[in-house]
Amino acid sequence: MSKPWHLVTHPHHLVARFFVSLSTRPPDVAEEVWAESHLLPGEIGLWRRMNNIDRKHSTKVARRFLAARPDTTRAEIAGALLHDVGKIECGLSTFGRVVASLVGKRGERFTTYHDHEQIGAVLVERCAGGDQHRERAFLATPGAPKTLPQAGDAARVAAVAVHHGAFGLAGR
């Protein structure tokens, strides 16, 4: 939801996210345990680098994804949990993210915020690269169109697509 037109098309979602973002409390322990039970060791490390606000949001998205697709795989749930992991690179506060949403890609940090999907893909790919026994961690390649690649490699892309508008679940 980091596109300027979402201010018009999904204002209720953005307002709700803003007020929820004012609390920096960590996710409940039960939510953390649930989330980490669906993540591989490298993925847990990335998820723990996310701020409390984004981790709470990611568990809500993952649970919505699981409710929409009960036959979802572990990798798809991991994708939902890590869909915003690229935002760790921008270093913006809640208010900074609001400004970035309003003004778009202006400056390095705002551009990083808007490119969080591609950045997250790189981070997840790197964390998966060191373990030959893991499922391949694949979100999307930088500059790739935002369409779902072929099944198998697309597990995490599917979760990103759900959050960012596919299947009519964005903003819920």
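Rules used throughout
Residues numbered from 1 in each chain as written. Predicted model: local features only at pLDDT ≥ 70, side-chain atom pairs only at ≥ 80, totals over all residues. Heavy atoms only, no water. Buried < 20%, exposed > 50% of the residue type's maximum accessible area, 1.4 Å probe, protein only. Helix = DSSP H or I, 4+ residues; strand = E, 2+ residues; numbered from the N terminus. Arc of directions from axis to C-beta. Salt bridge = Lys/Arg side-chain N within 4 Å of Asp/Glu carboxyl O. Axes fitted to C-alpha atoms, helices over the stretch in contact; angles between N-to-C directions. Parallel < 35°, antiparallel > 145°, perpendicular 65-115°, else oblique. Left-handed = near helix turned anticlockwise from the far one by under 90°. Contact = heavy atoms within 4.5 Å. Nonpolar A, V, L, I, M, F, W, Y, C, P; charged D, E, K, R; others polar. Polar contact = N/O pair within 3.5 Å; in protein donor to acceptor, adjacent residues only side chain to side chain. pLDDT = per-residue confidence, 0-100. Phe/Tyr/Trp six-rings, centres within 6.5 Å; stacked < 30°, edge-to-face > 60°. Lys NZ or Arg CZ within 6 Å of the ring centre and 35° of its normal. Core = buried A, V, L, I, M, F, W, Y, C linked by side-chain atoms within 4.5 Å.

## Some words on helix α7 (residues 94-103)
At step 1: Taken together, the buried positions of α7 are occupied by T94, G96, R97, A100 and S101. Along the axis of α7, the buried residues cluster in a sector spanning 160°; they form a single face. Facing away from the buried side of α7 by more than 90 degrees, the exposed set consists of F95 and L102.
At step 2: Immediately downstream of α7, the backbone of G104 shows phi near 85°, a positive value.

## So, the pattern of salt bridges
Side chains carrying opposite charge are able to pair once their charged atoms draw close together.
At step 1: For the structure on display, the rule yields nine salt bridges.
At step 2: Among the ionic pairs, E43 bridges to R74, the shortest N-O distance being 2.9 Å. In this pair, E43 sits in helix α4 (residues 41-49) while R74 sits in helix α6 (residues 74-81), placing the two residues 31 residues apart along the sequence.
At step 3: Taking the relative accessible area as the measure of exposure, E43 reaches 2% and is therefore buried.
At step 4: Residue classification places R74 among the partly exposed residues on the basis of a relative accessible area of 21%.
At step 5: In this structure, R69 engages E76 in a salt bridge whose closest nitrogen and oxygen atoms are separated by 3.0 Å.

## Some points on the packing of helix α3 (residues 29-36) against helix α5 (residues 52-68)
At step 1: Orientation of α3 relative to α5, taken along the N-to-C sense of each, is 60°, at an axis distance of 10 Å. Regarding the angle of α3 to α5, the classification is oblique. For the crossing formed where α3 meets α5, the hand is left-handed. Contact with α3, carried on its side by E31, E32, W34 and A35, involves R55, T59, A62, R63 and L66 of α5 and no other residues of that element.
At step 2: Of the residues in the contact of α3 with α5, the class split is four nonpolar, one polar and four charged.

## Description of the environment of T112
At step 1: Residue placement: T112 occurs in helix α8 (residues 108-114).
At step 2: T112 gets classed as buried once you look at its relative accessible area, which sits at 14%.
At step 3: With residues up to four places along the chain from it excluded, the contact list for T112 reads E89, C90 and I119.
At step 4: Within polar-contact distance, the side chain of T112 engages the backbone oxygen of E108 at 2.8 Å.

## Comments concerning the confidence of the model for the chain
At step 1: Averaged over every residue, the pLDDT of the chain is 73; residues scoring 70 or more account for 64%.
At step 2: Confidence scores differ between elements of the chain, with helix α10 (residues 155-163) showing the lowest mean pLDDT of 47 and α3 the highest of 96.
At step 3: With pLDDT under 50 throughout, residues 130-155 is counted as low confidence; its partners more than four residues away or in other chains account for 45 contacts.
At step 4: For the stretch residues 166-172, pLDDT sits under 50, and the model shows 15 contacts to residues farther than four places along the chain or on other chains.

## Points about the packing of aromatic side chains
At step 1: Counted by the stated rule, this structure contains zero aromatic pairs.
At step 2: Directly above the aromatic system of W47 lies the positively charged group of R55, at a separation of 5.1 Å from the ring centroid.
At step 3: The ring of W34 carries the charged tip of R63 above its face, separated from the ring centre by 4.0 Å.

## Points about the nonpolar core
At step 1: L39, L46, W47, L81 and L82 are the most contacted members of the largest nonpolar core, which totals 19 residues.
At step 2: Contributing elements (two or more residues each) for this core: α3, α4, α5, α6 and α9 (116-129).
At step 3: Ranked by residue count, the leading element in this core is α6, at four residues.
At step 4: When sequence neighbours within four positions are dropped, the list of residues in contact with L82 reads L39, E43, L46, W47 and V124.
At step 5: Listed in part, the five residues of the second largest apolar core include C90, L92, A100 and Y113.

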